[in-house]
Every structure is written in structure tokens, then in C-alpha cells.
Amino acid sequence: QVQLVESGGGLVQAGGSLRLSCAASGNIFSINAMAWYRQAPGKQRELVASITLGRTTGGITNYADPLKGRFTISRDDAKNTVYLQMNSLKPEDTAVYYCAAYGRGTSRDYWGQGTQVTVSS
């Protein structure tokens, strides 16, 4: 089992920044990548960014095209934590942001409980 705990959400004005954190615990060796997703009201959950884990294969990132340049995903292997730095926030970035961990091979994926990000205009 892997537990994911998100933090860092909140209310911010347009143009501002927030950094989300996702701390993973438990059977960390069963996961090989982590990601951030978001879900706005009335919309489907969408991928924001992902990053691979591990000393030799870690650090490979992938971003949703519209968010490239404003959002940055990073990791701290020592803390088993993944971050999402969000800059130049827009009202349309308002959503619940979820952390996800991808299982290796046939291992299952895991989800955090979500953290609300609200960007006011």
C-alpha cells in the first residue's frame, strides 16, 4: 500500500503562485512515477504533469501542453515527495488537484484525497 498526502492548496489571486506537495509513504518501491491531475467543476479529470522516480530513471517529466511554461513538477527522493509549482495562475486553473502514483508493472495505482486550488480574478 502507498499513502499519498497532498498539501499546499488554497485561494490565490490571478497572476499569483502556489506550490503543491504530495508526500508518499508506505511501499514506495511499488511505484515508478507520480503525477498531478486536476478536476474542475463539471469537467473530467485531466493530467497536469508527471515525473518518473528512481535514481537511474527518475526525473523524466511530462506536461499537459497548455500548462507548459507555467507549471513545474519536481521531486525530492529523500523525502518521497513530489511538488507542483504553479505560476501565473489563472481563474481557469481553479480545480481540485490530485496526486497520483503509478504502480510498477501490474501493481496498482494510488490517488490522494485532493487539494482545492481557487484562483480569483
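Anything mentioned here points back to the structure above.
Keep in mind that this is a model prediction, so the values were computed, not measured.

J.: Now, about the overall build of the protein chain: what can you tell me, with residues and values included?
T.: Secondary structure assignment for the protein chain yields 0 helices and 11 strands. Starting at the N terminus and walking to the C terminus, you meet the elements of the protein chain as β-β-β-β-β-β-β-β-β-β-β. For the protein chain, the C-alpha radius of gyration of 14 Å lies close to 14 Å, the compact-globule estimate for 121 residues. For the C-alpha atoms alone, the extent of the protein chain along its principal axes is close to 40 × 25 × 25 Å. Across the 121 residues in the protein chain, those meeting the buried criterion constitute 42%. Here the contacts in the protein chain between residues at least 6 apart in sequence split such that 53% fall between residues at least 24 apart.

J.: Account for the side chain of Asp93, naming residues and giving values.
T.: Tracing the sequence through the fold places Asp93 in the loop between strand E8 (81–86) and strand E9 (95–103). We classify Asp93 as buried; its relative accessible area is 1%. Within polar-contact distance, the side chain of Asp93 engages the side chain of Arg38 at 2.9 Å. Setting aside residues up to four positions removed in sequence, Asp93 forms contacts with Arg38, Leu67, Arg70, Phe71, Ser88, Val117 and Val119.

J.: Which residues make up unusual backbone geometry, and what are the values?
T.: At Asn80, a position not held by glycine, the phi torsion is positive, near 50°. Looking at the secondary structure, you find Asn80 in the loop between strand E7 (71–76) and E8. Phi angles above zero are rare outside glycine, and Ser88 is one such case at about 50°. Here Ser88 falls in the partly exposed class, since its relative accessible area comes to 42%.

J.: Provide a residue-level description of the pattern of salt bridges, including the pertinent values.
T.: Scanning all chains against the criterion turns up 5 salt bridges. One salt bridge in this structure joins Asp93 and Arg38, with 2.9 Å as the shortest N-O distance. Taken as a pair, Asp93 in the loop between E8 and E9 and Arg38 in strand E4 (residues 31–39) lie far apart in primary sequence, 55 residues in all. Between Asp93 and Arg70 there is a salt bridge, and its shortest N-O distance comes to 2.8 Å. One end of the pair, Asp93, is in the loop between E8 and E9; the other, Arg70, is in the loop between strand E6 (61–63) and E7, with 23 residues separating them in the sequence.

What counts, and at which threshold
Residues numbered from 1 in each chain as written. Predicted model: local features only at pLDDT ≥ 70, side-chain atom pairs only at ≥ 80, totals over all residues. Heavy atoms only, no water. Helix = DSSP H or I, 4+ residues; strand = E, 2+ residues; numbered from the N terminus. Rg over C-alpha atoms; globule rule 2.2 N^0.38 Å. Buried < 20%, exposed > 50% of the residue type's maximum accessible area, 1.4 Å probe, protein only. Contact = heavy atoms within 4.5 Å. Polar contact = N/O pair within 3.5 Å; in protein donor to acceptor, adjacent residues only side chain to side chain. Salt bridge = Lys/Arg side-chain N within 4 Å of Asp/Glu carboxyl O.

Geometric values such as these leave the question of function open.
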